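As a plain string of letters, each chain reads:
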Amino acid sequence: MDAVMMLVVWAVGLLVLYFVVRAAVKGGILDADQARARERGAGTSAEASTP
């Protein structure tokens with residue numbers, strides 16, 4: 001029973017780590033996108049949508 005509990009705790013830890021890393025990466029991508037948009041200045045929307 002201890003082995004099952006350890007496995008459950010390990011799986012929950014991995015799930016939490018996944019969501020923390022996912023949120024950090026998503027936030028970093030959004031920050032980079034906003035910074036890129038600020039660098040472009042007041043361009044047209046067509047210019048802002050092209051990579």
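Please refer to the structure higher up on the page.
Because the structure is predicted, anything quoted here is derived from the model rather than measured.

A separate point is the overall build of the protein chain. When you go through the protein chain residue by residue, the secondary structure sums to two helices and zero strands. The burial tally for the protein chain puts 0% of its 51 residues in the buried class. On the protein chain, roughly 4700 Å² of surface is accessible, and the fraction owed to carbon and sulfur atoms is 71%.

Next up on the list: the packing of aromatic side chains. Per the stated rule, a full pass over the model turns up one aromatic pair. Considering the side-chain rings of Tyr 18 and Phe 19, the 5.1 Å spacing of their centres and the 70° angle between planes classify their relative orientation as edge-to-face. We classify Tyr 18 as partly exposed; its relative accessible area is 48%. Residue Phe 19 is classed as partly exposed on the basis of its relative accessible area, which comes to 43%.

Rules used throughout
Residues numbered from 1 in each chain as written. Predicted model: local features only at pLDDT ≥ 70, side-chain atom pairs only at ≥ 80, totals over all residues. Heavy atoms only, no water. Helix = DSSP H or I, 4+ residues; strand = E, 2+ residues; numbered from the N terminus. Buried < 20%, exposed > 50% of the residue type's maximum accessible area, 1.4 Å probe, protein only. Areas by Shrake-Rupley, 256 points an atom, 1.4 Å probe, with all protein chains shown as cover. Phe/Tyr/Trp six-rings, centres within 6.5 Å; stacked < 30°, edge-to-face > 60°.

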